[in-house]
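Structure at a glance
Now for the letters of each chain:
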Amino acid sequence: MKKRLLSILLALCLIVQGTIIFSPDILFAAESTTTSTENPNVGSVISGFSVQQITYDTTTKSTNILLTHVKTGAKMLVIQNSDLNRGFAVGFNTPAENDKGTNHIIEHSLLGGSEKYPTNNLIFNVANTTYTSFINAFTMQNMTMFPVCSASEKQLMKLTDIYMDSVYHPLVAKDEKIFQREAWRYELEKSSSAISVTGIVYNEMKGNFGDIQSTAVSYAKKAIFPDTNQGNISGGVPKDILTLTYKEFLKTYKKYYHPSNSIMVLYGDVDYKAFLEMLNSNYLSDYSKKTISIKRQTQTAFSKLKEKTFSFPAAKGTSTKNQAVIDLVFATSDLKKLGITNYAALSLIASILNADTGEFKQALVNSKIAESYSISISSDTYQPVIHFIATNADSSKKKAFYNLVMKELKNTVKNGIDKELIKSVISSMKFQNVLGTEGNVAVNSLMTACLYENIFGDPTIDITSYFTSIEKKLDTKYLENLINKYLVKNKLVCLTATVPKAGLLEKEEAALTKKLKKLKSSMTKKEVAALVKSTSSFNTWNSQETSSDVLSSMRAISGKDIPVEVKDYQVTDTTVNGARFISALADIAEVGEITMNFNESHLSKEELLYLNFYSDMLTYGMPTKNRTESQVLNQQISETYGFNVDVSVNNGNLTGTAAYPSFTLNYTGFSNNYSNTLDLSSDVLLNSDLTKTSTYAARAISYIKADYAATFSDPFSLMAMRAAAKTSKLCQYYNYLNGLDYYQFVISLEKELNSNPKALQTKLEDVRKKAFTKTRLTVGFAGDMASTKAFQTTLPGFLNTLPQMTYANTSYTLPVPADREAFTINSSVQYVLFNSSPLGNGITKTGKHDVLATMLNNLLFIPEIRLKGGAYGAGAQFDFSNYLVYSYRDCDYLNSLNVINNSDEYLTSILPYLTEDILDSYIMSTYAAAAGSSTGELGGATSAIHSRLNNITTADKIKYLNEIKSTSATDIQGFVKDLYTLNEHSNYIVVGSPSVIEAHKDIFDTITALQ
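Values in this document were obtained by computation on a predicted structure and should not be read as measured data.

Take the overall build of the protein chain next. If you tally the helices and strands in the protein chain, you get 38 helices and 28 strands. What you see for the protein chain is a C-alpha radius of gyration of 28 Å, in line with the 30 Å of a compact globule of 1011 residues. Looking at the protein chain residue by residue over its 1011 residues, the buried ones come to 61%. For the protein chain, contacts bridging at least 24 residues in sequence account for 83% of all contacts bridging at least 6.

With that out of the way, let us pick up the UniProt feature "domain: Peptidase M16C associated" (unreviewed entry) in the protein chain. In this structure's numbering, the residues bearing the UniProt feature "domain: Peptidase M16C associated" (unreviewed entry) are residues 498-749. For residues 498-749, helix accounts for 52% and strand for 19%, while the C-alpha atoms at its two ends are 28 Å apart.

As a further point, take the sheet that holds strand S20 (residues 640-650). Taken in spatial order, the six strands of this open sheet run S17-S18-S22-S19-S21-S20, and their pairing is mixed. Each end of this open sheet is capped by a strand with a single partner; those strands are strand S17 (571-576) and S20. The sheet shows a mean angle of 20 degrees between the axes of neighbouring strands, taken without regard to direction. Inspection of the sheet shows S20 paired to strand S21 (residues 660-670) by nine bridges, in the antiparallel sense. Bridge pairing links Val645 to Leu665 in S21. This element, helix H30 (residues 785-799), spans S17, strand S18 (579-585), strand S19 (591-599) and strand S22 (777-783) of the sheet and lies at about 155 degrees to S22. In the packing of helix H35 (residues 936-949) onto the sheet, the strands contacted are S17, S18, S19, S20, S21 and S22, and the crossing angle to S18 comes to about 140 degrees.

Examined against the element boundaries, Ser662 turns out to sit in strand S21. Residue classification places Ser662 among the buried positions, given a relative accessible area of 0%.

On to the sheet that holds strand S14 (residues 370-378), then. The five strands lie next to each other as S12-S16-S13-S15-S14, forming an open sheet whose pairing is mixed. One side of each edge strand has no neighbouring strand; the edge strands of this open sheet are strand S12 (306-314) and S14. With strand direction ignored, the average angle separating the axes of adjacent strands in the sheet is 15 degrees. Inspection of the sheet shows strand S13 (residues 324-331) paired to strand S16 (residues 493-502) by six bridges, in the antiparallel sense. The residue bridging Val329 from the neighbouring strand is Cys494, located in S16. Packed onto the sheet, helix H25 (residues 693-713) meets S14 and strand S15 (385-393) and runs at close to 70 degrees relative to S14.

Turning next to the pattern of salt bridges. One pass over the full model with this rule turns up 36 salt bridges. For Asp683, the salt bridge goes to Arg627, with nearest N and O atoms at 2.8 Å. Placement of Asp683 in helix H24 (residues 674-687) and of Arg627 in the loop between helix H22 (605-619) and helix H23 (629-639) is noted, with a sequence separation of 56 residues between them. Across the pair, Arg627 and Asp683 agree in class, each one buried. Note that Asp1005 is salt-bridged to Arg820, the shortest N-O span being 3.1 Å. Placement of the pair is Asp1005 in the loop between helix H38 (994-998) and strand S28 (1006-1009) and Arg820 in strand S23 (residues 820-824), with a sequence separation of 185 residues.

Once that is clear, we can look at the state of the cysteines. Under the criterion given, the structure shown has zero disulfides. No disulfide involves Cys450; its sulfur sits 11 Å from that of Cys149, the nearest cysteine.

For the rest of this paragraph, the subject is the packing of aromatic side chains. Applying the stated criterion to the full structure yields 41 aromatic pairs. Where Tyr219 meets Phe310, the ring centres are 4.5 Å apart and the plane angle is 20 degrees; that geometry is what we call stacked. Residue Tyr219 is found in helix H6 (residues 212-224), and its partner Phe310 is found in strand S12; the two are separated by 91 residues along the sequence. Geometrically, the ring pair formed by Tyr674 and Phe791 is edge-to-face, given 5.4 Å between the ring centres and 90 degrees between the ring planes. You can see Tyr674 sitting in helix H24 and its partner Phe791 sitting in helix H30, a full 117 residues away along the chain. A residue is classified by how much of its surface remains accessible, and Phe791, at 0% relative accessible area, is buried. Grouped by ring-pair contacts, the aromatic residues Phe92, Phe146, Tyr163, Tyr168, Tyr253, Tyr257 and Tyr287 constitute a single cluster. When the ring centre of Tyr807 is taken as origin, the NZ or CZ atom of Lys770, which lies over that ring, is 5.4 Å away.

Inspection of the secondary structure assignment puts Ser285 in the loop between helix H9 (272-282) and S12. When its relative accessible area of 28% is taken as the criterion, Ser285 is described as partly exposed. Residues Ser285 and Ser638, 353 residues apart in the sequence, show an inter-C-alpha distance of 51 Å. Excluding residues that lie within four positions of it along the chain, Ser285 makes contacts with His69, Lys71 and Asn280.

For Ser47, which is not glycine, the phi dihedral falls at a positive 50 degrees. Assignment of secondary structure puts Ser47 in the loop between strand S1 (45-46) and strand S2 (49-57).

What follows concerns the pairing of strand S4 (residues 75-80). Consecutive residues of a regular strand have side chains that alternate between opposite faces of the sheet. Along S4, five of the six residues are buried, which leaves the element largely enclosed by surrounding structure. Direction of pairing for strand S3 (residues 62-69) relative to S4: antiparallel, over a ladder of six bridges. When the bridges of S4 are listed, Asn64 appears paired with Ile79. The antiparallel pairing of S3 with S4 creates a hairpin that spans five residues between the two strands, and Gly73 there sits at a positive phi of about 85 degrees. With six bridges connecting them, S4 and strand S11 (residues 262-268) associate as parallel partners. Bridge pairing links Ile79 to Tyr267 in S11.

Relative to the helices and strands, Asn440 resides in the loop between helix H15 (430-434) and helix H16 (441-456). Assessed through its relative accessible area of 26%, Asn440 is described here as partly exposed. A sequence separation of 263 residues divides Asn440 from Lys177, and the C-alpha atoms of the two residues are 36 Å apart.

This part takes up helix H14 (residues 419-427). When we look at burial in H14, the residues that qualify are Leu421, Ile422, Ser424, Val425 and Ile426. Those residues of H14 that are buried are in contact with helix H11 (340-353), H15, helix H17 (467-472), helix H18 (478-488) and H23. Near the N-terminus of H14, the side chain that reaches the backbone nitrogen of Glu420, with its oxygen 3.1 Å away, is that of Asp418.

This prediction gives the protein chain a mean pLDDT of 92; 96% of its residues lie at or above 70. Taken as a whole, residues 1-35 scores under 50 in pLDDT and shows 130 contacts with residues more than four places along the chain or in a different chain.

Each packed pair of helices is defined by two parameters, the angle between the axes and the distance between the axes. Here H11 crosses H18 at 90 degrees, and the two axes come no closer than 10 Å. One element, H11, and the other, H18, form an angle in the roughly perpendicular class. Residues Thr341, Asn342, Ala345, Leu346, Leu348 and Ile349 of H11 touch H18, and the partners they reach there are Tyr478, Leu479, Leu482, Ile483 and Tyr486. Each residue belonging to the contact of H11 with H18 can be placed in one class, and the counts come to nine nonpolar, two polar and no charged.

Once that is clear, we can look at the nonpolar core. In this structure, Phe146, Met264, Met596, Phe613 and Phe791 are the most contacted members of the largest nonpolar core, which totals 163 residues. Those residues within four positions of Phe146 in sequence are excluded, and the remaining contacts are Phe88, Ala89, Val90, Phe92, Glu107, Leu110, Leu111, Asn136, Ala137, Tyr163, Val167 and Tyr257. Counting 79 residues, the second largest nonpolar core, distinct from the first, contains Leu338, Ala370, Ile375 and Ile637.

The next point concerns the packing of H22 against helix H27 (residues 729-738). Between H22 and H27, the least distance of the axes is 10 Å, while the angle of their chain directions is 60 degrees. Here H22 lies oblique to H27, going by the angle between them. Judged by the twist between their axes, the crossing of H22 over H27 is right-handed. Of the residues in H27, those touching H22 at Lys605, Glu606, Leu608, Leu609 and Asn612 are Tyr733, Tyr736 and Leu737. In terms of residue class, the contact of H22 with H27 is built from five nonpolar, one polar and two charged.

Rules of the game
- Residues numbered from 1 in each chain as written.
- Predicted model: local features only at pLDDT ≥ 70, side-chain atom pairs only at ≥ 80, totals over all residues.
- Heavy atoms only, no water.
- Helix = DSSP H or I, 4+ residues; strand = E, 2+ residues; numbered from the N terminus.
- Rg over C-alpha atoms; globule rule 2.2 N^0.38 Å.
- Buried < 20%, exposed > 50% of the residue type's maximum accessible area, 1.4 Å probe, protein only.
- Contact = heavy atoms within 4.5 Å.
- UniProt positions renumbered as here; feature names shortened; annotations may be inferred.
- Pairing = 2+ DSSP bridges.
- Axes fitted to C-alpha atoms, helices over the stretch in contact; angles between N-to-C directions.
- Salt bridge = Lys/Arg side-chain N within 4 Å of Asp/Glu carboxyl O.
- Disulfide = S-S within 2.5 Å.
- Phe/Tyr/Trp six-rings, centres within 6.5 Å; stacked < 30°, edge-to-face > 60°.
- Lys NZ or Arg CZ within 6 Å of the ring centre and 35° of its normal.
- Polar contact = N/O pair within 3.5 Å; in protein donor to acceptor, adjacent residues only side chain to side chain.
- pLDDT = per-residue confidence, 0-100.
- Parallel < 35°, antiparallel > 145°, perpendicular 65-115°, else oblique.
- Nonpolar A, V, L, I, M, F, W, Y, C, P; charged D, E, K, R; others polar.
- Core = buried A, V, L, I, M, F, W, Y, C linked by side-chain atoms within 4.5 Å.
- Left-handed = near helix turned anticlockwise from the far one by under 90°.

Below is the structure:
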């Protein structure tokens, strides 16, 4: 459902430029390569690389070739398959030596230009002007990686060259200004001004430490690893970032960035020998093998339970009662000593203990120490860490939480872990064998290989394969013994509480202001003048545009090389037993993806909220009249993949102006088991036991409140949805069902549940009867012909269980935000969401507008708001009813609003310099974003079904792509008037601390505290 039970890999935070419109069923094929079926021999040498190992992965249908560069010792993994979304990554072992965020800042700075590609905006130049489907970089506890993907092999070769030149020949090695921009710097506009401090990573991490849950986990890690570098915060602590010097930065870079300390991964349908030749000739051959000593530091056990309490800065007036985060954290042995099987088993244990249906989790819930609880394992440290977290907790009860967890762990060892649930989880692994080529396999493969090389020393590990051996050990108390060893009897354990302190946020802001004021007062007139001059000099440097020659050198293909091709899936639209049935053929055997879509246009506004809450109750687990809660969960896990229920919104048409609410149930199932999974679906929808509403509603409310509390700490998505709701019917529904209206509704339900639970039960029952009628159902199915026939034969049994009443659509007005809103949060970073309506201003949005957005992102918003202004992120995107511009983790929202409001003037100023070659680069980048990454056969076929449901045709998709490709300078010139109109008729939302909002309260219609 919404929460995945089993999570083995690290969560990936991907920041991707651009908006994917029709991504799943675009066939991007700039050129095709026929992968050689001839594998090299182990021991052979290819362009300086010695072949060490060759294996075949049946899940992804890939040949894995592991090589070592003879001269340097650099590792190389080639994952060779037929995927046209090709990728390359290079990673380095980079343990965090302190809290200064050095490796994180290096990661940012290396992509600030290289000797061969001299631009101070390299990563965004690449993202916005080349045919790239993915580009990013990531810093983790002990490694830094740089992955990039493209649908063109020629472009991937160029991107590989760009990344290799960036990591080995970066401009930052000679230009301190790049370090100052990415890390931190003092600024002084004029001698009479106040000194300020800013920096992209500095502001990013201020945002990170403005989230109490993220902060609590960071504090817990420091507490459990007090004597090793594994407790250091790899991203950096803001106050410590301000102590990092350029000299320290260079020393760390030179220590770790050498081929002998690297892993490279090449993925997809590529001529890998050509890549090996380029890597060796252009880069690796210039180096010799170097010994880089990296000790895997491990923490020794404590003599007794270690306890720590930390304060979290909250704004004045913040309600802090029962708002703490308690984290009981255990560290295991080093991964290499622990072993992959034991690590996989501990991952499985954490997932089982975290199951809402389990006795362990229920004991935590019943204690009422907190509103919500989670158990998870983190493996980015050499010693995996298992967290038992209580959110929105009473900090005075942290010892009671510890005692309860230990008691329940001992009971689990004594009574045994739920073997049926374990078997269900392991059984679900069979889906991996069938769905191995679904999703964004390229990025996942690149990152997983780099991560496993870092923590295990082997990039080829398939961790799912180890679950088979675990299943064979279930009768030997294998899992219970692991719990006893690594949890019950583990002395490497720490109990932490992170407690919000009202007024501390303002106190810290005042302390920084005082520090900067003191700094200026200590400076001589000459020093003040020097800082004013260096600020001006920095801004001049930071305003330099990348030359057309450099931009051109980053491209391997032109827009003319990219054909407009859309895979046209065979879609059938018919009826089965009175319900609409849409199927799309997918070239994948054994499984099918099922979507049940109920049109809920007949429900009232209030009924939609109750239906949404019912969906959340199902998400967090309920019994039915025919199945216990455990039986429901076990069957969902073992017999389906991705079982999910949700109240969502359908576009209705291409522009979204016909949007309507829907309830969806979807999952992937095996074709020989549709009867059982459809029976489960019917039972969950129609028979979930509402006589126990008090218990399951209370559980859902607790988790919903905890989810919102986390969202309020970093409310970007929430506010983007709200800003867009001003002008978009589609977003009005999303905002109503997922925003502050729903939050307030849940808070009111909590009161109703306490005073009159029977009334809530009755309302839920009434809504359920109306929501799931056969006359309002569209069934979608994606699979091959055999699977489709099997499903269609079984479907009537499900349909016969549904009510057949008919209802007329109802009408209502959904709430919309004010024109100028401000929200205050417990963080010193800011967010800007600026919105206007193309459709509402008589502007017909086309693919050409997306080219304009790409241009504005690269030439205006990123340079002015991120690079100069210090925000972590900035960008714009167009939809039919929304032109949305944002800044993320900003430090100067007035500057960002000013930049956005004057974008039409900026566009006018650059038109004389807009050459055909420059425009072509933005067309290519926009096209790549529109095409996106392959999501596999099932993903593409399911997208085709959604398109049919929303009356979007293949012709619409081709038209959109042709609009992108045919964008001309004349079109861009015409958009000046559009931008002026959009800027004049706009609304905005700003989020920040109470003090920064209050300082300019006159520009807001409403100011609301997010609590």
